[in-house]
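Chain by chain, the residues run as shown.
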Amino acid sequence: MPIRSIIIGTGSHVPQRVVTNKDLASRVDTTDEWIRTRTGIIQRHISNDQETNSYLATQSARKALDMAGVRPQDLDLIIVGTMSPDMPMPSVACLVQNELGAKKAGAFDLYAACTSFLYALSVADKFVRCNSRMKILVIGSEVLSRVTNWEDRNTCVIFGDGAGAAVITGTKEDRGILSTHLHSDGSLGELLIIKGLGTAFPVSHENLEKGWQYIQMQGREVFKHAIKAMESAAWEAMEANGWNGDDVDLLFSHQANIRIINFLGEKLGLPKEKIFINIHKYGNTSAASIPIALDEANRTGLLTPGLRILMVAFGGGFTWGSVAMCW
Ligand code: UT7
């Protein structure tokens, strides 16, 4: 039996403060009705000044390590998927490493926007397949509220803050991660972009006035690409494993829009009870969306041994991909 990666612990953490659609309707020209019907979102959690990306990531990590029964000092590697780090350097992963006291772990951030967690899980999977004893902490964590223009109704109603984590190790049992498929198309990067927080367009009065420090999204265009790409990544995973729709027990789609999730479920022929949905509580938490969902499902007892799980995500870059696993 080949070595496979298994998830032995999950955790998640969201900021305390809840912002409802009604709260947003008092700030921008929108309504609770529009947000609910067009996105499926009812509320989102928004960080205060202390709830930084690394703080949320560390909290989620502690819960995952606790569930896994793994001590921080036994971790070999920490990978944080994010596009909203505390700062460009040091990485969120290094900040988490220090907070946890994970003395022997390597640590790095991975940038693949909303697909970051699946990218990070894929990377962790490759390490574990080479050395089954490795213990890897994979985190998806975002504080997008800090890079959101709260006067732009196209974006501010969608995003939320949060973090989710998973502890990965190896097994020779016939379960765990079965396949990973990653894709990208940089030619469409402009459709979903934070232009001004890097080195090409450094912070200047001029660039701040243009709003380049914020997420800018051509929502309708992104929507069209997302549904196509997610459907194709889902079929790719199913074909690789010889699955048809009936073989998927639970779908974890990136929680970007309820209409995208339902569309994907329909295309794959999945009944509603096989589609995990929590977008109404958290909004789109980008890299954190799948690990938060995974943790919620895990802690409510939905993830039983042998369950066949399909995870599919799409995000800026563009990036997209899928991970199929047997729990
Ligand atoms: O996570 C990474 C990937 N991201 C995604 O997958 C997001 C994909 N995109 C979406 O989820 C949707 O495109 C949005 C939720 C962002 C927007 O929904 P939409 O149905 O595509 O709306 P739209 O942009 O086509 O706009 C339709 C109308 C427009 O008005 P007119 O031109 O028809 O008069 C917008 O101005 O809705 C208007 N609108 C709003 N109205 C009230 C746009 N945003 C809002 C708003 N409240 N917040």
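The rules we used
- Residues numbered from 1 in each chain as written.
- Predicted model: local features only at pLDDT ≥ 70, side-chain atom pairs only at ≥ 80, totals over all residues.
- Heavy atoms only, no water.
- Domains from an automatic or database assignment.
- Contact = heavy atoms within 4.5 Å.
- Buried area = accessible area lost by both parts, 1.4 Å probe.
- Salt bridge = Lys/Arg side-chain N within 4 Å of Asp/Glu carboxyl O.
- Helix = DSSP H or I, 4+ residues; strand = E, 2+ residues; numbered from the N terminus.
- Nonpolar A, V, L, I, M, F, W, Y, C, P; charged D, E, K, R; others polar.
- Near = heavy atom within 4 Å.
- Polar contact = N/O pair within 3.5 Å; in protein donor to acceptor, adjacent residues only side chain to side chain.
- Areas by Shrake-Rupley, 256 points an atom, 1.4 Å probe, with all protein chains shown as cover.
- Buried < 20%, exposed > 50% of the residue type's maximum accessible area, 1.4 Å probe, protein only.
- Core = buried A, V, L, I, M, F, W, Y, C linked by side-chain atoms within 4.5 Å.
- Pairing = 2+ DSSP bridges.
- Axes fitted to C-alpha atoms, helices over the stretch in contact; angles between N-to-C directions.
- Parallel < 35°, antiparallel > 145°, perpendicular 65-115°, else oblique.
- Left-handed = near helix turned anticlockwise from the far one by under 90°.

For the protein chain, the domain assignment lists domain 1 (4-173) and domain 2 (178-326). A separation of 14 Å is found between the C-alpha centroids of domain 1 and domain 2. Between domain 1 and domain 2, the contact holds 51 residues from the first and 45 residues from the second. Around 3700 Å² of area is buried between domain 1 and domain 2 when both sides are counted, 64% of it from carbon and sulfur atoms. The largest share of the area that domain 1 buries against domain 2 comes from Cys 114, Leu 118 and Val 147, three residues that together contribute 17% of it. Joining domain 1 to domain 2, the criterion identifies zero salt bridges. Of all the elements in the fold, those that place two or more residues in the side of domain 1 that touches domain 2 are β1 (4-13), α2 (32-39), β3 (43-45), α3 (53-68), α5 (116-130), β6 (136-142), α6 (153-156) and β7 (162-171). In terms of residues, the side of domain 1 that touches domain 2 owes the most to one element, α5, which gives nine residues. For the side of domain 1 that touches domain 2, a count of residues per class yields 19 nonpolar, 22 polar and ten charged.

The subject of this paragraph is the site of the ligand. In the vicinity of the ligand there are 23 residues, among which Thr 30, Arg 38, Arg 220, Asn 257 and Asn 284 approach most closely. Interatomic distance of 2.6 Å between a side-chain N/O atom of Thr 30 and a nitrogen atom of the ligand. At 3.0 Å, a side-chain N or O of Arg 259 approaches an oxygen atom of the ligand. Out of a free accessible area of 940 Å², the ligand has 76% covered by protein chains. Of all elements in the fold, only α2, α6, α8 (219-240) and α9 (258-267) reach the threshold of two or more residues within the shell around the ligand.

The full count for this structure, using the stated rule, is 14 salt bridges. Residue Arg 308 pairs with Asp 249 through a salt bridge whose shortest N-O separation is 3.4 Å. With a gap of 59 residues between them, Arg 308 in strand β12 (residues 308-315) and Asp 249 in the loop between α8 and β11 (250-253) connect regions that are remote in the sequence. The exposure class of Asp 249 is partly exposed, given its relative accessible area of 22%. Through salt bridges that share partners, Asp 125, Lys 126 and Arg 129 make up one connected network.

Core analysis: the largest hydrophobic core is formed by 44 residues, its most contacted members being Leu 251, Leu 268, Leu 310, Val 312 and Phe 314. Among the elements of the structure, α8, α9, β12 and β13 (319-326) are those that each provide at least two residues to this core. In terms of residues, this core owes the most to one element, α8, which gives ten residues. Among the domains, domain 1 (4-173) and domain 2 (178-326) are the pair contributing at least three residues each to this core. Apart from the residues lying within four places of it in its own chain, the contact partners of Leu 310 are Ala 234, Ala 237, Met 238, Val 248, Leu 250, Leu 251, Phe 252, Leu 268, Ser 322, Val 323 and Ala 324. One finds Ile 7, Ile 168, Ala 293 and Leu 307 within the second-largest nonpolar core, a separate group that totals 33 residues.

The next thing to look at is the sheet that holds β13. Taken in spatial order, the four strands make up an open sheet running β8-β13-β12-β11, and their pairing is mixed. Whereas interior strands pair on both sides, the edge strands pair on one side only; in this sheet they are β8 (176-184) and β11. With strand direction ignored, the average angle separating the axes of adjacent strands in the sheet is 10 degrees. Note that β11 and β12 share four bridges and pair parallel. From the neighbouring strand, Ser 253 faces β12, where its bridge partner is Val 312. This element, α5, spans β8, β12 and β13 of the sheet and lies at about 130 degrees to β8. Helix α11 (residues 289-299) contacts β11 and β12 of the sheet and is inclined by roughly 150 degrees relative to β11.

What follows is about the packing of α3 against helix α4 (residues 92-100). Running from N to C, α3 and α4 cross one another at 55 degrees; their axes reach a closest spacing of 9 Å. Between α3 and α4, the angle falls in the class oblique. For α3 against α4, the interelement crossing comes out right-handed. For the pair α3 and α4, contact is made by Asn 53, Ser 54, Ala 57, Thr 58, Ala 61, Arg 62 and Leu 65 and by Val 92, Leu 95, Val 96, Glu 99 and Leu 100, respectively. By residue class, the composition of the contact of α3 with α4 is seven nonpolar, three polar and two charged.

A word on unusual backbone geometry. The residue after Met 89, namely Pro 90, is reached through a cis peptide bond having omega 0 degrees. If you trace the backbone, Pro 90 turns up in the loop between β4 (77-81) and α4. Between Gly 317 and the following residue, Phe 318, the backbone shows a cis peptide bond with an omega angle of -15 degrees. Inspection of the secondary structure assignment puts Phe 318 in the loop between β12 and β13.

Strands sit in the order β1-β7-β6-β4-β5 across an open sheet of five strands; the sheet is mixed. Across the chains shown, the open sheet's two edge strands, defined by having one partner strand only, are β1 and β5 (106-110). On average, each strand axis in the sheet is tilted by 20 degrees relative to the strand beside it, whichever way the strands run. Across five bridges, the pairing between β4 and β5 is parallel. Across the sheet, residue Leu 77 finds its bridge partner in β5, namely Gly 106. Sheet strands touched by α11: β1, β6 and β7. Its angle to β1, the strand with the most contacts, is close to 95 degrees.

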